[in-house]
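# Reading the structure
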Amino acid sequence: MAGIDEANSTAEPRLAASVILVRDAPVPEGSQDAARALEVFVQHRVTTMDFAAGMVVFPGGRVDQADSSGWDFADDVVERHAAAWHRSSIAVEPSSARFNAGRVLAAAQREVFEEAGVKLDAATLRPWANWVTPADQPKRFDTYFYLACPVSGAEPRHQTTEASSSLWMPVRAILDAEAAGTLKLMPPTLALLDELLALGTMEAVLGESRDIVPVRPKPGALQEFFRLRHQPPSDAPELP
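In this report, the structure presented in the accompanying data block is examined. Since the model is a prediction, treat every value here as computed from it, not as a measurement.

With that settled, consider the overall build of the protein chain. Summing up its helical and strand segments, the protein chain has six helices and seven strands in all. Helices (α) and strands (β) of the protein chain occur, in sequence order from the N terminus, as β-β-β-β-α-α-β-β-β-α-α-α-α. Taking all 240 residues of the protein chain together, the buried fraction comes to 48%. Summarising the internal contacts of the protein chain: among those between residues at least 6 apart in sequence, 71% fall at separations of at least 24.

A few words now on the side chain of Gln137. Topologically, Gln137 is positioned in the loop between strand E5 (126–132) and strand E6 (141–148). The residues contacting Gln137, other than those within four sequence positions of it, are Leu222 and Gln223.

In this section: the pattern of salt bridges. Under the criterion given, the structure shown has 16 salt bridges. Glu155 is the salt-bridge partner of Arg23, the closest N and O atoms lying 3.7 Å from each other. With Arg23 in strand E1 (residues 14–24) and Glu155 in the loop between E6 and strand E7 (163–170), the pair connects residues that are 132 residues apart, well separated along the chain. In this structure, the salt-bridge partner of Lys119 is Asp72, at a minimum N-O distance of 3.1 Å. Linking Lys119 in the loop between helix H2 (94–116) and E5 with Asp72 in the loop between strand E4 (60–62) and helix H1 (75–84), this pair joins segments that are 47 residues apart in sequence. A single network of salt bridges, built from pairs that share partners, joins Arg62, Asp64, Asp67, Arg110, Glu111 and Glu114.

Glancing now at the pairing of E5. The buried count for E5 comes to six of seven residues, which makes it a mostly enclosed element. Inspection of the sheet shows E5 paired to E6 by six bridges, in the antiparallel sense. By the bridge assignment for E6, Ala129 is matched with Phe145.

Within the secondary structure layout, Ser166 lies in strand E7. Relative accessible area serves as the criterion here: at 11%, Ser166 is assigned to the buried category. Separated by 2.7 Å, the side chains of Ser166 and His158 make a polar contact. Discounting chain neighbours no more than four positions away, the residues touching Ser166 are Phe41, Val42, Gln43, Arg157, His158 and Thr160.

All right, on to the pairing of strand E2 (residues 38–45) then. The buried fraction of E2 amounts to eight of the eight residues, a majority that puts the element mostly inside the structure. Here E2 shows a buried face lined by Leu38, Val40, Val42 and His44 and a second buried face lined by Glu39, Phe41, Gln43 and Arg45. Bridging between E1 and E2 involves three bridges; their strand directions are antiparallel. For Asp24, the partnering residue across the bridge sits in E2 and is Leu38. Pairing geometry for E2 and E7, over seven bridges, is antiparallel. Paired with Val40 across the two strands is Met169, which belongs to E7. Where E2 lies against strand E3 (residues 56–57), two bridges are found, and the strand directions are antiparallel. Across the sheet, the residue bridging to His44 is Val56, located in E3.

A few words now on the environment of Phe145. Summarising the element assignment, Phe145 is placed in strand E6. With relative accessibility at 0%, the residue Phe145 sits in the buried group. In this structure, the C-alpha to C-alpha distance between Phe145 and Ser18, residues 127 residues apart in sequence, is 4.8 Å. In this structure, Phe145 is in contact with Ser18, Phe58, Trp85, Arg126, Pro127, Trp128, Ala129, Trp131, Pro188 and Leu192, ignoring residues within four places of it in sequence.

So, how was this worked out
Residues numbered from 1 in each chain as written. Predicted model: local features only at pLDDT ≥ 70, side-chain atom pairs only at ≥ 80, totals over all residues. Heavy atoms only, no water. Helix = DSSP H or I, 4+ residues; strand = E, 2+ residues; numbered from the N terminus. Buried < 20%, exposed > 50% of the residue type's maximum accessible area, 1.4 Å probe, protein only. Contact = heavy atoms within 4.5 Å. Salt bridge = Lys/Arg side-chain N within 4 Å of Asp/Glu carboxyl O. Pairing = 2+ DSSP bridges. Polar contact = N/O pair within 3.5 Å; in protein donor to acceptor, adjacent residues only side chain to side chain.

Worth remembering: the numbers are spatial, not functional.
Below, the structure is given as structure tokens:
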């Protein structure tokens, strides 16, 4: 999942936010090839972390108390996000859906700023997916994934001790490396990268209409995923 380090001592999943920073890959100078590919900004987590150690992840982390106030985004942004997450746990109680959507959004902004040095306009963060860690795992997260395209001049950088490096990588290259066993991905990361590969271009990504259905894998799904993880993405079974 995202770059997250702590969880509750209970089985209840903690709220977390993760941001998929995506862009069209730069065209090499002098290239006559008009084809474009997508890149994402990822972190290679250090192997000493107690969650997702050694994994390639998107910037992100848990929702903290500080994310419950001091928001710098407009009410209509929160309303749109609450509507986008209407199937998710944060909207189970309609009276708190707007507040919950706001604090998860604030966490997404904060984590990207802390881990990659980029202050994202909340209005440019698009709700994209919701994954919940299986109930048999000791550390569980209810993670809200956003998609964003940094504006020109807002270049993310490596500035977190939780990762050995942070950089832009082609989506296809990450998936090929995962299939070859040279990079490790958590199930949500693999699934979301597969989606981006299928979309192919920023035009298609930005035109994508999302009906976000939470993904809640069954107990045992994580172990099965890693047992089969050397399969190419196109051949890997879907999580239950």
